[in-house]
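# Breakdown of the fold
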Amino acid sequence: MKTEKNILIAFILNLCFSFFEFFGGIYTGSVAIISDALHDVGDAASIGISYFLERKSKRAPDGKYTYGYARYSVIGGSISAFILLFGSVTVIYNAIGRIITPTPINYNGMIIFAVIGALVNAAAAFFTRHGDSLNQKAVNLHMLEDVLGWIVVLIGAIVIKSTGFLLIDPIMSIGVAAFIFFNAAKTLKEIIDIFLEKTPHNIDINEIREHIMSIDGVIDVHHIHVWTMDGQNNYATMHVVTNADNHEIKHRIRMELHELGISHVTLELEDENEHCHERNCLVKVCSHDVHHHHHHH
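Now for a description of the structure that goes with this document. Owing to the predicted nature of the structure, the values given are computational and were not obtained by experimental measurement.

Rules and cut-offs
Residues numbered from 1 in each chain as written. Predicted model: local features only at pLDDT ≥ 70, side-chain atom pairs only at ≥ 80, totals over all residues. Heavy atoms only, no water. Phe/Tyr/Trp six-rings, centres within 6.5 Å; stacked < 30°, edge-to-face > 60°. Buried < 20%, exposed > 50% of the residue type's maximum accessible area, 1.4 Å probe, protein only. Helix = DSSP H or I, 4+ residues; strand = E, 2+ residues; numbered from the N terminus. Lys NZ or Arg CZ within 6 Å of the ring centre and 35° of its normal. Core = buried A, V, L, I, M, F, W, Y, C linked by side-chain atoms within 4.5 Å. Contact = heavy atoms within 4.5 Å. Patch = residues over 30% accessible without salt bridge, like charges linked within 9 Å, V, L, I, M, F, W, Y side chains within 5 Å. Areas by Shrake-Rupley, 256 points an atom, 1.4 Å probe, with all protein chains shown as cover. Salt bridge = Lys/Arg side-chain N within 4 Å of Asp/Glu carboxyl O. Axes fitted to C-alpha atoms, helices over the stretch in contact; angles between N-to-C directions. Parallel < 35°, antiparallel > 145°, perpendicular 65-115°, else oblique. Nonpolar A, V, L, I, M, F, W, Y, C, P; charged D, E, K, R; others polar.

### Some points on the packing of aromatic side chains
Under the defined criterion, the tally for this structure stands at seven aromatic pairs. Both rings, one in Tyr 65 and one in Tyr 69, keep their centres 4.3 Å apart while their planes meet at 35°; by these two values the pair is tilted. Taking relative accessible area as the criterion, Tyr 69 reaches 4% and is therefore assigned buried. For the ring pair Tyr 67 and Tyr 235, a centre distance of 5.7 Å and an interplane angle of 90° mean the geometry is edge-to-face. Of the two residues, Tyr 67 sits in the loop between helix 2 (31-57) and helix 3 (70-100) while Tyr 235 sits in strand 2 (residues 234-242), which places them 168 residues apart along the sequence. Taking relative accessible area as the criterion, Tyr 67 reaches 44% and is therefore assigned partly exposed. Of the aromatic side chains, those joined through ring pairs into one cluster are Tyr 65, Tyr 69 and Tyr 72. For Lys 56, the ring lying beneath its charged end belongs to Tyr 72, and the centroid distance is 5.0 Å. Between the NZ or CZ atom of Arg 59 and the centre of the ring of Tyr 69, over which it lies, the distance is 4.6 Å.

### Structural notes on the nonpolar core
A general feature of soluble globular proteins is that nonpolar side chains tend to end up buried together. Ranked by internal contacts, the top residues of the largest apolar core, which has 19 residues, are Ile 208, Ile 212, Met 238, Val 240, Ile 253, Leu 257 and Ile 262. Going through the elements one at a time, helix 7 (205-213), strand 1 (218-228), strand 2, helix 8 (246-259) and strand 3 (264-270) are the ones with two or more residues in this core. With residues near it in sequence (within four places) discarded, Leu 257 still touches Ile 208, Ile 212, Met 238, Ile 262 and Val 265.

### Examining a nonpolar patch on the surface
Side chains of Leu 15, Phe 19, Phe 22, Phe 23 and Ile 26 sit close together on the surface and give an oily, nonpolar patch of about 510 Å² of accessible area. You can see Leu 15 is positioned in helix 1 (residues 2-28).

### Quick word on the packing of helix 2 against helix 3
Where helix 2 contacts helix 3, the two axes come as close as 8 Å, and the packing angle between them is 170°. On the basis of their axis angle, the class for helix 2 and helix 3 is roughly antiparallel. By residue class, the composition of the contact of helix 2 with helix 3 is twelve nonpolar, eleven polar and four charged.

### Overview of the pattern of salt bridges
Here the structure, examined in full by the defined rule, presents four salt bridges. Here Lys 189 and Asp 193 are joined by a salt bridge, their closest N and O atoms 2.8 Å apart. With Lys 189 and Asp 193 both in helix 6 (residues 168-195), this residue pair falls four residues apart, about one helical turn. Since its relative accessible area comes to 47%, Lys 189 is described here as partly exposed. A relative accessible area of 19% means that Asp 193 is categorised as buried. As a salt-bridge pair, Asp 193 and Lys 198 come within 3.5 Å of each other at their nearest N and O atoms. Residue classification places Lys 198 among the partly exposed residues on the basis of a relative accessible area of 43%. A single network of salt bridges, built from pairs that share partners, joins Lys 189, Asp 193 and Lys 198.

Laid out in structure tokens, this is it:
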């Protein structure tokens, strides 16, 4: 609940601020400020989406979504990432135009805006600092970027004021935009990995195998699958061949996996003389085929 409230506060702050900022950019003639406004509108939009999807993602599992709704939060993160990628490309495009034809800038106005901007975003970053979901991390990252962006604008304005070097403004905005682009691309890659059911980055399958094999009574372990719903909660399924007390073995495997960062485990226990069906079939089918062909010759 706290997460949602914080996201909502951040959304309202950001939205109001981005309009204020857009006019500021036009008034001062600074492309760095306009680019920041674009980025902020993008942020506000993505935070708004995050807010609704974060709420949905908290719902308990039901018959329709047996794994729960956690992936909705991940979708929120991906929409934000796309908005930021698009925004940063737009900014870079505009800044290059400014480098080709420099325009005068009202640096005093720029300094005032930058100070206000840094303060407002620092407040928003403070509100969203306790985030554990990918979604909230993304939101907090935006806020910190905004603070950095404004500090850069402030330094730029002071440099323009003292040297009259106008190109500083578009060059800075390209720097900020490139930074945002790079981070958004990284977030997007993480999200794609989650949807492709890639093994979570903090999990090593071989390590899991070794840990389970080291438990007394475990003869073999195969068909290990590990995936994550949202980048935090990891799930695993596996087949374990054992001749020990099932109850005991299950308990020990769960403890072991819990330490390795897997919160939810489904185990298939097999006797040593009961061969895993899947393996058996494969072997049978192959030998059968070979036989068959042999016959034909």
